[in-house]
Amino acid sequence: MPSLFSSNRERRLWMWTAVVVAAIYSTLGLARTLVDYLGNDFFSVWLFLAGCLLVLLTVVTQGLRVRPGGAEIAVALGVAAAYLLIIVRMSVPTERSHLVEYGVVAVFIHEALAERASRGRRVPAPALLAIVAASLVGLIDEGIQRLIPNRVFDPVDILFNVLAAAMAVTASVALRWARRWGSSVVRRAMGEPGPE
């Protein structure tokens, strides 16, 4: 009987996905209490900064396992600029938190599915599956909120969850493409044969 996971890395990625999802769901009942206790400005600023740190750690641990080349750096700067423009235009702090939370979930899911596919397991359209899976996690999040007093089911939040997942996976795919493209350019420059 084949193992559920294709590698230890895939197992770790699914574990981290579960940890992030559990962290998101565990704050559902506490969010209003924390905002009331700490104050909206304090809470939103520090929560957002902590989320940015989580995204940075996710990108560093998952995306930059090797020294980046010029194409990879250019794509990373473009991704950072796009995120910065979107974050600056978002006026509601909870919108920013969705961008962070579901971006991290989507990156972990995409990396796990890409690892599975690289190990020869059948994974049709890993990027699309990651976006759909992260969006479903967000939909469940909103569904749970409908059942909790002082929380609101908001279709706009569902849209932000989908947007966050799509942006994160697109950034991950773009960085992966830039890494492969840069590697193939270096191999050709050194006269080495590249993959067919």
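Residues numbered from 1 in each chain as written. Predicted model: local features only at pLDDT ≥ 70, side-chain atom pairs only at ≥ 80, totals over all residues. Heavy atoms only, no water.

*Asks:* Help me get a handle on the overall build of the protein chain, residues and values and all.
*Replies:* Tallying secondary structure elements over the protein chain gives seven helices and zero strands in all. Taken from the N to the C terminus, the helices and strands of the protein chain come in the order α-α-α-α-α-α-α. For the protein chain, buried positions account for 35% of its 196 residues. Within the protein chain, counting contacts between residues at least 6 apart in sequence, those at least 24 apart form 76% of the total. Accessible area of the protein chain: about 11,900 Å², with a carbon and sulfur share of 70%. (Helix = DSSP H or I, 4+ residues; strand = E, 2+ residues; numbered from the N terminus. Buried < 20%, exposed > 50% of the residue type's maximum accessible area, 1.4 Å probe, protein only. Contact = heavy atoms within 4.5 Å. Areas by Shrake-Rupley, 256 points an atom, 1.4 Å probe, with all protein chains shown as cover.)

*Asks:* Break down the nonpolar core for me, with residues and values.
*Replies:* In terms of nonpolar packing, the biggest core is built from 24 residues, with Val20, Val105, Ala106, Ile109 and Ala134 touching the most fellow members. Contributing elements (two or more residues each) for this core: helix 1 (8–26), helix 5 (93–118), helix 6 (126–147) and helix 7 (155–189). For this core, the leading source of residues is helix 5, giving ten residues. If sequence neighbours within four positions are ignored, Ile109 has contacts with Trp14, Thr17, Ala130, Ala133 and Ala134. (Core = buried A, V, L, I, M, F, W, Y, C linked by side-chain atoms within 4.5 Å.)

*Asks:* Let's hear about the packing of aromatic side chains: which residues, and what values?
*Replies:* Counted by the stated rule, this structure contains zero aromatic pairs. Over the ring of Phe153 we find Arg146, and its NZ or CZ is 5.0 Å from the ring centre. (Phe/Tyr/Trp six-rings, centres within 6.5 Å; stacked < 30°, edge-to-face > 60°. Lys NZ or Arg CZ within 6 Å of the ring centre and 35° of its normal.)

*Asks:* Requested: an account of the confidence of the model for the protein chain, with residues and values cited.
*Replies:* Per-residue pLDDT for the protein chain has a mean of 76; in total, 57% of the residues score no lower than 70. Per-residue pLDDT, averaged within each element of the protein chain, yields its smallest value for helix 2 (residues 31–38) (57) and its largest for helix 6 (93). (pLDDT = per-residue confidence, 0-100.)

*Asks:* Please provide a residue-by-residue account of the packing of helix 1 against helix 6, values included.
*Replies:* Interhelical geometry of helix 1 versus helix 6 gives an angle of 20° and a closest axis separation of 11 Å. What the angle tells us is that helix 1 and helix 6 run roughly parallel. Crossing angle aside, the handedness with which helix 1 passes helix 6 is right-handed. From helix 1, Val21, Ile24 and Tyr25 reach across to helix 6, where they touch Val137, Ile140, Asp141 and Ile144. Residue composition of the contact of helix 1 with helix 6, grouped by class: six nonpolar, no polar and one charged. (Axes fitted to C-alpha atoms, helices over the stretch in contact; angles between N-to-C directions. Parallel < 35°, antiparallel > 145°, perpendicular 65-115°, else oblique. Left-handed = near helix turned anticlockwise from the far one by under 90°. Nonpolar A, V, L, I, M, F, W, Y, C, P; charged D, E, K, R; others polar.)

*Asks:* Could you give an account of helix 6, with specific residues and numbers?
*Replies:* Along an α-helix, residues three or four positions apart point the same way, because every turn accommodates 3.6 residues. End to end, helix 6 covers 32 Å across 22 residues, agreeing with the expected 32 Å (1.5 Å per residue, within 8%). Where helix 6 is concerned, the buried positions are Ala130, Ile131, Ala134, Ser135, Val137, Gly138, Asp141, Glu142 and Gln145. What you see down the axis of helix 6 is that its buried residues fit within an arc of 150°, all on one side. More than 90 degrees from the buried face of helix 6, the exposed residues found are Leu128, Arg146 and Leu147. (Expected span 1.5 Å × (residues − 1). Arc of directions from axis to C-beta.)

*Asks:* Hey, could you go over the environment of Ile140 for me, with residue numbers and the actual values?
*Replies:* With respect to the helices and strands, Ile140 occurs in helix 6. Here the alpha-carbon distance between Ile140 and Tyr25, two residues 115 residues apart in the chain, equals 9.3 Å.

*Asks:* Before we move on, can you summarise the pattern of salt bridges with the specific residues and values?
*Replies:* Summed over all chains, the structure comprises four salt bridges. With a shortest N-O distance of 3.0 Å, Glu111 and Arg9 are connected by a salt bridge. Here the residue Glu111 occupies a position in helix 5, and Arg9 occupies one in helix 1, the gap between them amounting to 102 residues. The two residues Glu111 and Arg9 agree in class, both being buried. Among the ionic contacts, a cluster of salt bridges with common partners joins Arg9, Glu111, Glu115 and Arg119. (Salt bridge = Lys/Arg side-chain N within 4 Å of Asp/Glu carboxyl O.)

*Asks:* Describe a nonpolar patch on the surface, with residues and values.
*Replies:* Where nonpolar side chains cluster on the molecular surface, the patch consists of Leu128, Val132, Leu136 and Leu139 and spans about 350 Å² of accessible area. Assignment of secondary structure puts Leu139 in helix 6. When its relative accessible area of 40% is taken as the criterion, Leu139 is described as partly exposed. (Patch = residues over 30% accessible without salt bridge, like charges linked within 9 Å, V, L, I, M, F, W, Y side chains within 5 Å.)

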